[in-house]
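# Architecture at a glance
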Amino acid sequence: MINKLHLSQDKIEAIHQATLRVLAEVGILIDDQASRTILFDHGCSETNGRLQIPADLVENCLKLCPSQVILQGRDSQACLGDGRLYVHNLGGARDVYDPITNTLRPATNADNAESARLMDALDNVATITPLYTPRDVPAKKITQHMFVETVRNTLKPLNGPGVHSIEDAHEFAELAAIIFGEHVSITVGLSPVSPLNFLGHVAPVILEIARLGLTLGPLPCPNVGATSPMSLAGSIVQQNAEVLATIVLAELAHPGLPIVYNGRLSALDMRHGTPIWGNPEVGMMSAATVEIGHYYHLPVNVYGLAASGYSPDIQSGYERAINALVPALAGADELSGVGEMAGGTYSCNAQIVIDNDIYGMVHRVCRGFSVDDDSLAVDVIAHAMSTSRNFLGEKHTRKYSHSGEIWEGKLGIQEVGWEMWHSAGSPSAVDRAQFVSADILRNHFVPPLSEEQERELQKLLSWK
Amino acid sequence: MSEEIFTQLTESLVVGEPEETEALTKEALASGIEPLTIIREGLMPGMNTVGDKFSCGEYFLPDLIIAAEGMKKAMEVLEPELRLRNQTVDSMGTVLLGTVKGDIHEIGKSLVGTMLSANGFKVHDLGVNVSTDNFIQKVKEINPDILGLSALLTTTMTVQHEIIQELVKAGMRNNVKVMVGGAPVTRSWSDEIGADGYAEDALGAVQLARKLVGK
């Protein structure tokens with residue numbers, strides 16, 4: 001079978017050209033006066049109540065974006081675009097799922113603290129996003145409370161929140177400065193509403209993010225067949241148009257502003273009218289999004305783990321694994337979804353630990369294996385054949401065991417036969433994951449923020 | 001002649017050609033057929049067939065929505081004629097719909113609106129980012145049977161609660177049934193904020209609306 005993973009150069013070029021036509025001929029909905037003035041000053045025009053963006057302006061703005069983006073943490077940083085795959089968790093889940101009682105409860109900010117501390121200890125979660133939308137903090141400051149509680153519990157690099165108002169963006173910049181100092185390098189997400197809608201808060205928030213110099217992650221979430229065309233190619237074109245229009249406005253306001261090219265394409269269940277995340281098209285569209293973003297030399301963040309299942313069962317397992325692997329193989333810089341359940345509406349610690357293992361396998365596949373004189377092992381085969389006729393005692397075997405040639409997950413297979421498994425109470429992957437997460441939470445602690453930082457943050461959080 | 005045009009009208013809804021439904025409706029009127037007869041003999045059989053095909057899994061949502069568009073176009077032609085004759089089509093009830101303040105997501109709410117219209121409800125859609133005041137004002141003005149509040153974000157669903165509290169303050173809570181919807185909305189949220197119900201998809205919303213108006 002031929003390699004099916006990659007979009008050919010001519011298909012990428014066709015998607016790019018179709019996108020330029022959408023921007024130049026159809027245009028975007030935008031009502032913010034300041035944004036419109038900037039766009040008109042740079043050659044945009046208006047017909048049919050929409051603002052058209054000429055192709056050369058799009059191409060010029062794309063050239064201004066850096067090809068790497070730094071994400072800051074308290075003790076480390078990630079460089080998106082350095083060729084490695086970084087993984088982050090779901091953001092903003094509403095509820096916490098209990099795998100033992102099979103029930104949901106509303107999330108609190110303590111759940112953000114606990115989940116951040118758990119992920120801080122898990123090797124394959126590289127960057128962290130506030131996982132839950134808590135119900136026990138004032139609604140007006142919810143984004144700030146989520147972020148602060150998360151950063152208190154991890155030293156890993158962070159993804160900033162999605163922002164919905166100028167005040168949100170402004171306050172977020174202030175609190176990030178308290179934590180990271182004056183030169184903050186952290187992403188904030190901003191969602192134009194598909195199709196091609198930059199009305200209301202959308203355009204002013206893009207300008208404010210640009211003014212503040214924060215890294216911008218345009219985050220349109222088109223839904224195939226509902227808010228974008230039913231053909232996958234058409235949806236990829238429209239999403240691309242929405243991202244590129246955001247980039248044009250941001251780069252005109254702040255040339256050189258760092259951008260992460262985000263893709264969040266999902267499908268609609270045409271029988272019920274609800275979005276579906278577990279279908280294979282999600283992984284396919286994510287992979288295509290990676291290739292489009294790389295065509296523009298931008299780091300790309302797309303859905304990874306994505307499933308429709310309502311519990312951490314086999315359906316959720318196969319859906320999320322396929323949807324994470326496909327964009328990873330396409331070269332994604334950052335993949336999301338750790339802890340995602342039921343389309344991102346809830347999460348639980350066991351799912352987080354399971355996802356850490358799925359990404360362990362994905363990383364292993366992406367790493368491949370070396371083919372050189374040492375690994376081709378002709379001498380080792382010769383040696384074994386003339387001695388014990390097995391390889392367990394070879395130094396070569398020992399060396400490769402320690403270098404990770406064969407992957408070993410956190411959950412693994414602890415029982416080595418039916419009898420041992422059965423007498424251990426027939427534990428499922430979820431049972432094991434519960435055990436691992438409880439063990440981590442008993443033993444893993446994160447150094448607190450300084451007293452000075454806490455005082456400043458308290459001031460900001462209590463300020464009305 | 002009339003038998004043939006009824007068949008054509010029905011067929012235009014079933015295959016999803018709204019412009020044809022509109023043209024055939026005009027043609028039927030021009031040939032002297034009564035509006036209520038056009039509805040009963042031509043349009044309703046079409047909508048019922050589409051509904052049946054959807055129920056048995058042969059049709060998808062776009063089939064329903066395109067058929068509803070045809071029905072809407074036909075009704076726009078027929079309504080002035082019905083008024084002239086002082087006739088009305090039985091309505092299931094009036095629904096006021098909108099997405100709450102701070103939220104500009106449209107599709108879910110619009111889909112619910114379309115499905116309610118297709119099932120005989122009269123729908124007033126206030127659009128997106130609707131202020132709480134505007135909701136309260138409109139409830140006073142049109143006195144709907146049902147108020148539908150949509151919110152897609154975990155950060156905006158709290159506004160649904162705010163609106164219900166305002167209805168209580170204005171002494172209007174008992175005049176209208178409130179249904180809430182949107183991706184983050186659950187039954188427990190609906191119960192907690194004192195709404196009259198929620199549904200997980202647009203078809204569920206139709207069933208709920210029927211239940212709320214007692215039909």
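### Observations concerning the overall build of chain B
On a plain count of helices and strands, chain B comes out with nine helices and five strands. In chain B, the succession of α and β elements from N to C terminus is α-α-α-α-β-α-β-α-β-α-β-α-β-α. For chain B, whose C-alpha radius of gyration is 19 Å, the value lies close to the compact-globule estimate of 17 Å for 215 residues. Across chain B, every contact between residues at least 6 apart in sequence was considered, and the portion connecting residues at least 24 apart equals 71%. Only carbon and sulfur atoms are counted for the fraction: they give 48% of the accessible area of chain B, which is about 10400 Å².

### Here's the deal with the side chain of Gln144(A)
All names here are of chain A. With respect to the secondary-structure elements, Gln 144 resides in helix 5 (residues 142–151). Residue Gln 144 is classed as buried on the basis of its relative accessible area, which comes to 5%. A polar contact of 2.9 Å, which involves the side chain of Gln 144, links it to the side chain of Glu 171. Those residues in contact with Gln 144, other than ones at most four positions away along the chain, are Asp 168, Glu 171, Leu 175 and Leu 461.

### Description of the pairing of strand 9 (residues 215–218) of chain A
All names here are of chain A. Of the two faces of strand 9, the one lined by Thr 215 and Gly 217 and the one lined by Leu 216 and Pro 218 are each fully buried. Two strands pair when backbone bridges link them, and strand 8 (residues 187–190) and strand 9 are joined in this way by four bridges, in the parallel orientation. Paired with Gly 189 across the bridge in strand 9 is Gly 217. Taking the sense of rotation as the criterion, the β-α-β connection linking strand 8, helix 7 (residues 202–212) and strand 9 turns out right-handed.

### Some words on a nonpolar patch on the surface
Residues Phe369(A), Val371(A), Leu376(A) and Val378(A) make up a contiguous nonpolar surface patch of about 460 Å² in total accessible area. Among the structural elements, Leu376(A) can be located in helix 12 (residues 373–376).

### Observations regarding the nonpolar core
The biggest cluster of nonpolar side chains holds 113 residues, and the ones touching the most others in it are Ile28(A), Ile53(A), Ile186(A) and Ile209(A). A total of eleven residues in this core trace back to one element, the largest contributor, which is helix 8 (residues 232–253) of chain A. If we skip the residues at most four places from it in the chain, Ile28(A) touches Leu23(A), Arg50(A), Leu51(A), Ile53(A), Leu196(A), Phe198(A) and Ala245(A). Core analysis: the next-biggest nonpolar cluster, separate from the first, contains 43 residues, Leu9(B), Ile33(B), Ile39(B) and Val206(B) among them.

### A look at the confidence of the model for chain B
All names here are of chain B. Taken over all residues, the pLDDT of chain B has a mean of 92, while the share at 70 or more is 100%. Highest mean pLDDT in chain B belongs to helix 2 (residues 18–30) (97); lowest belongs to helix 5 (residues 107–118) (88). Interface confidence for the predicted complex, expressed as ipTM, amounts to 0.73; the pTM equals 0.88.

### Describing unusual backbone geometry
All names here are of chain A. Geometrically, the link from Ser 194 to Pro 195 is a cis peptide bond, its omega value of 0° lying close to zero. By the element assignment, Pro 195 lies in the loop between strand 8 and helix 7. One non-glycine residue, His 297, lies in the positive phi region at around 60°. Mapped onto the elements, His 297 comes out in the loop between helix 9 (280–295) and strand 14 (300–302).

### Points about the packing of helix 2 of chain B against helix 4 (residues 61–84) of chain B
Residue and element names in this part refer to chain B. At a minimum axis distance of 8 Å, the contact between helix 2 and helix 4 shows a crossing angle of 25°. Put simply, helix 2 runs roughly parallel to helix 4. Crossing of helix 2 over helix 4 shows right-handed handedness. Together, Pro 18, Glu 19, Thr 21, Glu 22, Thr 25, Lys 26 and Leu 29 of helix 2 and Ile 66, Glu 69, Gly 70, Lys 73, Ala 74, Val 77, Leu 78 and Glu 81 of helix 4 make up the contact between the two elements.

Cut-off values and rules
- Residues numbered from 1 in each chain as written.
- Chains lettered and ligands numbered in written order.
- Predicted model: local features only at pLDDT ≥ 70, side-chain atom pairs only at ≥ 80, totals over all residues.
- Heavy atoms only, no water.
- Helix = DSSP H or I, 4+ residues; strand = E, 2+ residues; numbered from the N terminus.
- Rg over C-alpha atoms; globule rule 2.2 N^0.38 Å.
- Contact = heavy atoms within 4.5 Å.
- Areas by Shrake-Rupley, 256 points an atom, 1.4 Å probe, with all protein chains shown as cover.
- Buried < 20%, exposed > 50% of the residue type's maximum accessible area, 1.4 Å probe, protein only.
- Polar contact = N/O pair within 3.5 Å; in protein donor to acceptor, adjacent residues only side chain to side chain.
- Pairing = 2+ DSSP bridges.
- Right-handed = clockwise from strand over helix to strand, strands pointing away.
- Patch = residues over 30% accessible without salt bridge, like charges linked within 9 Å, V, L, I, M, F, W, Y side chains within 5 Å.
- Salt bridge = Lys/Arg side-chain N within 4 Å of Asp/Glu carboxyl O.
- Core = buried A, V, L, I, M, F, W, Y, C linked by side-chain atoms within 4.5 Å.
- pLDDT = per-residue confidence, 0-100.
- Axes fitted to C-alpha atoms, helices over the stretch in contact; angles between N-to-C directions.
- Parallel < 35°, antiparallel > 145°, perpendicular 65-115°, else oblique.
- Left-handed = near helix turned anticlockwise from the far one by under 90°.

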